[in-house]
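Given next are the chains, with one letter for each unit.
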Amino acid sequence: MVRLLFWIALIAAAVWFWRKFKRSISTPRSSNEPISTPMVRCAHCGVHLPQDRALSLSQHWYCSQTHLEQGPGSQDH
Ligand SMILES: [Zn+2]
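Note that the coordinates shown come from a computational prediction; the quantities given were computed from them, not determined experimentally.

(A) Layout of the overall build of the protein chain. From N to C terminus, the protein chain includes two helices and four strands. Counting from the amino terminus, the protein chain carries its helices and strands in the arrangement α-β-β-β-β-α. Taken over 77 residues, the protein chain has a buried fraction of 16%. On the protein chain, roughly 6,800 Å² of surface is accessible, and the fraction owed to carbon and sulfur atoms is 61%.

(B) Representation of the packing of aromatic side chains in the model. In the structure shown here, the tally under the stated rule is two aromatic pairs. For the pair Trp16 and Phe17, a centre-to-centre distance of 5.1 Å together with 75 degrees between the ring planes defines the contact as edge-to-face. Grouping residues by exposure puts Trp16 and Phe17 together as exposed.

(C) Structural detail: the coordination of the zinc ion. Protein coordination at the zinc ion comes from Cys42 (SG), Cys45 (SG), Cys63 (SG) and His67 (ND1), with a distance range of 1.9 to 2.3 Å. Considering all four donor atoms around the zinc ion, angles at the metal cover 97 to 122 degrees and the coordination shape is tetrahedral. Each donor residue of the zinc ion belongs to the same chain, and together they define the spacing C-x2-C-x17-C-x3-H. Under the relative-accessibility criterion, Cys45 is labelled partly exposed at 38%.

(D) Region of the structure containing the environment of Leu49. Its location among the elements puts Leu49 in strand β2 (residues 48-50). The residues touching Leu49, leaving out its near neighbours within four places in the chain, are Pro38, Met39, Val40, Cys42, Ala54, Tyr62 and Cys63.

(E) Highlighting the confidence of the model for the protein chain. In this model, the protein chain carries an average pLDDT of 87, and 83% of its residues clear a pLDDT of 70 or more. Across the protein chain, element-level confidence peaks in strand β4 (residues 60-62) with a mean pLDDT of 96 and bottoms out in helix α1 (residues 2-26) with 90.

(F) Structural context of a nonpolar patch on the surface. The grouping of Phe6, Trp7, Leu10, Ile11 and Val15 at the surface amounts to a nonpolar patch, some 500 Å² of accessible area in total. Examined against the element boundaries, Leu10 turns out to sit in helix α1. Among the residues examined, Leu10 registers a relative accessible area of 40% and is labelled partly exposed.

(G) Quick peek at the side chain of His67. Checked against the element boundaries, His67 lands in helix α2 (residues 65-70). Those residues in contact with His67 that lie beyond four places of it in its chain are Cys42, His44, Cys45 and Tyr62.

Cut-offs and rules
- Residues numbered from 1 in each chain as written.
- Predicted model: local features only at pLDDT ≥ 70, side-chain atom pairs only at ≥ 80, totals over all residues.
- Heavy atoms only, no water.
- Helix = DSSP H or I, 4+ residues; strand = E, 2+ residues; numbered from the N terminus.
- Buried < 20%, exposed > 50% of the residue type's maximum accessible area, 1.4 Å probe, protein only.
- Areas by Shrake-Rupley, 256 points an atom, 1.4 Å probe, with all protein chains shown as cover.
- Phe/Tyr/Trp six-rings, centres within 6.5 Å; stacked < 30°, edge-to-face > 60°.
- Donors = N, O, S within 2.8 Å, 3.2 Å for Na, K, Ca; no water.
- Tetrahedral: all angles 85-135°; square planar, octahedral: opposite > 155°, others 65-115°.
- Contact = heavy atoms within 4.5 Å.
- pLDDT = per-residue confidence, 0-100.
- Patch = residues over 30% accessible without salt bridge, like charges linked within 9 Å, V, L, I, M, F, W, Y side chains within 5 Å.
- Salt bridge = Lys/Arg side-chain N within 4 Å of Asp/Glu carboxyl O.

In structure tokens form, the structure reads like this:
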């Protein structure tokens, strides 16, 4: 019986630690944490993506090679 209580306590502790760990991950980024890559907007479809994944052409950013070739899309939404 003592052994059972030991396991229950161990599992409860594990769940508590897991919840605490999960909460620390899910918390939004604090303001003091620097954003590594700035976000840019695709000139064709308007999707936002990290600058290191975007393609630039004549002062415009594009999300993919296809949109780079198609050029800026219509600005009216
Ligand atoms: Zn795009």
